[in-house]
Amino acid sequence: EKIDSALGKKDDGSPLARERDALNKIKNQKGLMIEQKRQIRTRLEIVKADGNRLIDQAKSARSGMKFSNVAEIEKEIARLQRKQETQSMSLSDEKKLIKEIDFLTASRRTAEEIAAKQDDINIIKADRKAISAELDAKNSEIDAIQKEVDAQAAVVKKLNEKQSNQRGQVGELIKKR
């Protein structure tokens, strides 16, 4: 009987088995959290890609424009129309002026689209901040659960050592028999 107890016959109710089960549960929790973190990181990458695409589109649209916002364009159109109405000019100069007004009218639409894209960019930036905060929170949770894993692993190691010492005494018990 003493030999059997010293050998630590497999007993699911033993302290070591219970502690190992607890350790495995904690490790499984950590694995789930790491998978959640991976999913959050994937969402962040998608949002970053969308944001970069919108920023690039806005930059390319802005590159061919003299004026970047609708108010400036409206002001320039009004100045050119006033110039057309009040000044005398040759037919070719007037045609150039009309082309310029048409170009500015077209760029007004582009400026409005850029402003709409800027709103989308701002929304995406807010999403990125929120997802980054979520990622930071998940990292903190993983760090906390890792501390639990380390503590539980220390308990299991201590019980393993105790059991190993008991097994070492088996030889002495057999000799005493």
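Residues numbered from 1 in each chain as written. Predicted model: local features only at pLDDT ≥ 70, side-chain atom pairs only at ≥ 80, totals over all residues. Heavy atoms only, no water.

Draft legend 1. Expanded view of the confidence of the model for the chain. Predicted confidence across the chain gives a mean pLDDT of 86, with 86% of residues reaching 70 or more. When the elements of the chain are averaged for pLDDT, helix α1 (residues 2–7) gives the smallest value, 52, and helix α2 (residues 15–63) the largest, 91. (pLDDT = per-residue confidence, 0-100. Helix = DSSP H or I, 4+ residues; strand = E, 2+ residues; numbered from the N terminus.)

Draft legend 2. Examining the side chain of K37 more closely. In this structure, K37 sits in helix α2. In this view, K37 contacts L135, K138, N139 and I142; residues no more than four positions away in its chain are not counted. (Contact = heavy atoms within 4.5 Å.)

Draft legend 3. Broad picture of α2. For α2, built from 49 residues, the straight-helix expectation of 72 Å at 1.5 Å per residue is met to within 8% by its first-to-last C-alpha distance of 71 Å. For α2, the full list of buried residues reads L16, A17, L23, I26, M33, K37, I40, L44, V47, G51, L54 and A58. (Expected span 1.5 Å × (residues − 1). Buried < 20%, exposed > 50% of the residue type's maximum accessible area, 1.4 Å probe, protein only.)

Draft legend 4. The arrangement of the pattern of salt bridges in detail. One pass over the structure, following the stated rule, counts seven salt bridges. R43 is the partner of E134 in a salt bridge, and the nearest nitrogen-oxygen pair spans 2.8 Å. In this pair, E134 is assigned in helix α4 (residues 91–168) and R43 in helix α2, connecting sequence segments 91 residues apart. Relative accessible area serves as the criterion here: at 39%, R43 is assigned to the partly exposed category. E74 serves as the salt-bridge partner of R108, at 2.7 Å between the closest nitrogen and oxygen. With a gap of 34 residues between them, R108 in helix α4 and E74 in helix α3 (residues 70–86) connect regions that are remote in the sequence. On the basis of relative accessibility, which here comes to 34%, the residue E74 falls in the partly exposed class. (Salt bridge = Lys/Arg side-chain N within 4 Å of Asp/Glu carboxyl O.)

Draft legend 5. Spatial organisation of the environment of L104. Structurally, L104 can be placed in helix α4. The exposure class assigned to L104 is buried, which follows from its relative accessible area of 1%. For the pair L104 and E72, spaced 32 residues apart in sequence, the C-alpha to C-alpha distance is 10.0 Å. Beyond its immediate chain neighbours, meaning those up to four positions away, L104 contacts F67, I73, E76, I77 and L80.

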